[in-house]
Amino acid sequence: MNEPVKAAVFGTGSWGTAFGMVLADAGCDVVLWGRRPELVEAVNSTRTNPDYLPGVELPRNVRATADAAEAARGADFTVLAVPSQTLRGNLAEWTPLLAPGTVLVSLMKGVELGSAMRMSEVIEDVAKVDPDRIAVVTGPNLAREIAARMPAAAVVACTDEAVARRLQTACHTPYFRPYTNTDVVGCELGGAVKNVIGLAVGIADGMGLGDNAKGSLITRGLAETTRLGVALGADPLTFSGLAGLGDLVATCSSPLSRNHTFGTNLGKGMTLEETIAVTRQTAEGVKSCESVLDLARRHGVDMPLTETVVSIVHEGKSPAVAVKELMSRSAKPERR
Ligand SMILES: NC(=O)C1=CN([C@@H]2O[C@H](COP(=O)(O)OP(=O)(O)OC[C@H]3O[C@@H](n4cnc5c(N)ncnc54)[C@H](O)[C@@H]3O)[C@@H](O)[C@H]2O)C=CC1
Ligand SMILES: O=C(CO)COP(=O)(O)O
């Protein structure tokens, strides 16, 4: 019999834990690394993650450790599930511990502030590994639904299709259906920008602007995501797939989305400080709206919705004024 595939998941938050369950259900031996020893201890003793997925029983082949070297040892797949803005610092510590030949897998949906790098670029920069050994998992994958083993499709992207296929097999379960894709740029941008559009839709929902507004924001949001993607060399068709439209629809429809909920609170009139105070988990769009806009400006791409989200979230613009401004932009053909 073949040895089981070994996976280390760095980050014991909602998605790291839920994706660890998927890998375990697909037959992998999974070690979760957590930075807080008390949470690690609780995971191992209760077989649940009480802080992030309370009440969900973990498969027997998942265990946790606070020792990064122990987690990394012998891992075929090293999965990274920390906030996008801390990845660089975290990975610098973990790089000397990585198992030789391991495939680095990003679950993160963000763009780094300052460098405007996608997560796979940060991984390549810090760990100095070939892009063919860096993969991305993305798509409409709200952690709580996956942890409840509700059905979902996903995308496993890697420039080396054979690596993508290996990872696809390692995480394929009766409820989790991963498709491969070699367009890493498009898949990552789809995930990062949908969080920004999720904020915009949440703001509109909080203001009670209705479903026509939501449909319009999703569609124009996808249009500006695609414009950015094409400028960065992505395949435009990626954005009508799971990493683009699929994730955008899930995020913009669901109260489980942290970005959507964050926006809803702002749209209802909460201040940024109040909204941050009630948000326990990572809402990547709050920071990544600025880095996405930075990336767009570096490439001369117009992203009016992203610009509007930045102005509301970081520059104190009132949502009502922002809506008026968006609606009074100059008239233009749809495909531009
Ligand atoms: N939750 C979800 O439904 C999904 C999340 N994602 C993405 O996965 C990534 C991780 O998100 P979640 O697990 O949901 O976030 P989370 O907020 O639930 O968990 C974040 C994890 O990172 C750890 N962490 C926080 N700051 C850290 C630091 N300075 N150093 C090391 N570890 C630190 C936390 O302790 C926690 O274990 C994000 O980029 C998110 O966009 C992607 C798909 C689904
Ligand atoms: O990426 C996600 C679903 O695919 C999760 O969205 P939030 O980060 O907004 O919760």
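Residues numbered from 1 in each chain as written. Chains lettered and ligands numbered in written order. Predicted model: local features only at pLDDT ≥ 70, side-chain atom pairs only at ≥ 80, totals over all residues.

Going by an unreviewed UniProt entry, the protein carries the name Glycerol-3-phosphate dehydrogenase [NAD(P)+] and comes from Streptomyces prasinosporus. Of the comments in the UniProt record for the protein, the one headed Subcellular location (unreviewed entry) reads "Cytoplasm". (UniProt positions renumbered as here; feature names shortened; annotations may be inferred.)

Colleague: Explain the packing of helix H8 (residues 184-206) against helix H9 (residues 211-231) to me, please; I cannot follow it from the model alone.
Modeller: Relative placement of two packed helices is described by the angle separating their axes and the distance separating the axes. Packing of H8 against H9 brings their axes to within 9 Å, and their N-to-C directions diverge by 150°. Viewed along their axes, H8 and H9 adopt a mutual orientation that is roughly antiparallel. Read as a crossing pair, H8 and H9 show a hand that is right-handed. Contacts between H8 and H9 pair Val185, Gly186, Leu189, Gly190, Val193, Ile197, Ala200, Val201, Ala204 and Asp205 from the former with Ala213, Lys214, Leu217, Ile218, Gly221, Thr225, Leu228 and Gly229 from the latter. Looking at the contact of H8 with H9 residue by residue, the class counts come to 11 nonpolar, 5 polar and 2 charged. (Axes fitted to C-alpha atoms, helices over the stretch in contact; angles between N-to-C directions. Helix = DSSP H or I, 4+ residues; strand = E, 2+ residues; numbered from the N terminus. Parallel < 35°, antiparallel > 145°, perpendicular 65-115°, else oblique. Left-handed = near helix turned anticlockwise from the far one by under 90°. Contact = placed C-beta atoms within 7 Å. Nonpolar A, V, L, I, M, F, W, Y, C, P; charged D, E, K, R; others polar.)

Colleague: How should the UniProt feature "domain: Glycerol-3-phosphate dehydrogenase NAD-dependent N-terminal" (unreviewed entry) in the protein be read in this particular structure?
Modeller: The feature "domain: Glycerol-3-phosphate dehydrogenase NAD-dependent N-terminal" (unreviewed entry), as given by UniProt, occupies residues 6-163 in the numbering adopted here. Strand forms 21% of residues 6-163 and helix 33%; the C-alpha atoms that close the span are 15 Å apart.

Colleague: Got a minute to help me understand the pairing of strand E6 (residues 134-138) in this structure?
Modeller: Along any regular strand, the residues point their side chains to alternate faces of the sheet. Counting buried positions along E6 yields 5 of 5 residues, so the element is predominantly enclosed. With burial as the criterion, each face of E6 is covered, one bearing Ile134, Val136 and Thr138 and the other bearing Ala135 and Val137. Across 3 bridges, the pairing between strand E5 (residues 103-106) and E6 is parallel. Residue pairing for E6: Leu104 is matched across the bridge by Ile134. Once the chain exits E5 it traverses helix H5 (residues 119-127) before rejoining the sheet at E6, and the crossover so formed is right-handed. Two strands pair when backbone bridges link them, and E6 and strand E7 (residues 152-157) are joined in this way by 3 bridges, in the antiparallel orientation. (Buried ≥ 20, exposed ≤ 12 C-beta atoms within 10 Å, placed from the backbone. Pairing = 2+ DSSP bridges. Right-handed = clockwise from strand over helix to strand, strands pointing away.)

Colleague: What am I meant to see in the site of ligand 1 here?
Modeller: In the vicinity of ligand 1, 24 residues are found, and the nearest of them are Gly13, Trp15, Met108, Ala143 and Gln281. At 3 residues, helix H1 (residues 14-25) tops the list of elements feeding residues into the shell around ligand 1. When the residues that make up the shell around ligand 1 are grouped by side-chain class, the tally is 9 nonpolar, 12 polar and 3 charged. Viewed by domain, the shell around ligand 1 spans two of them, domain 1 (6-182) and domain 2 (189-327), each represented by three or more residues. (Near = placed C-beta within 6 Å. Domains from an automatic or database assignment.)

Colleague: Sorry if this is basic, but what is going on with the site of ligand 2 here?
Modeller: Near ligand 2, the surroundings consist of 14 residues, among which Asn141, Leu142, Ser257, Arg258 and Asn259 are the closest. Listed by contribution, the elements that provide at least two residues to the shell around ligand 2 are H8, helix H10 (242-253) and helix H11 (258-267). Of the residues that make up the shell around ligand 2, three or more belong to each of domain 1 (6-182) and domain 2 (189-327).

Colleague: I would appreciate a short explanation of the sheet that holds strand E4 (residues 77-80) in the present structure.
Modeller: Backbone hydrogen bonds hold the strands of a sheet together, and the pairing may be parallel or antiparallel. Here 8 strands make up an open sheet; going across it, the order is E3-E2-E1-E4-E5-E6-E7-E8 and the pairing mixed. Each edge of the open sheet carries a strand with a single partner, namely strand E3 (62-65) and strand E8 (176-181). Along the sheet, successive strands turn relative to each other by an average axial angle of 25°, direction set aside. Where E4 and E5 come together, 4 bridges link them in parallel fashion. Paired with Leu80 across the bridge in E5 is Ser106.

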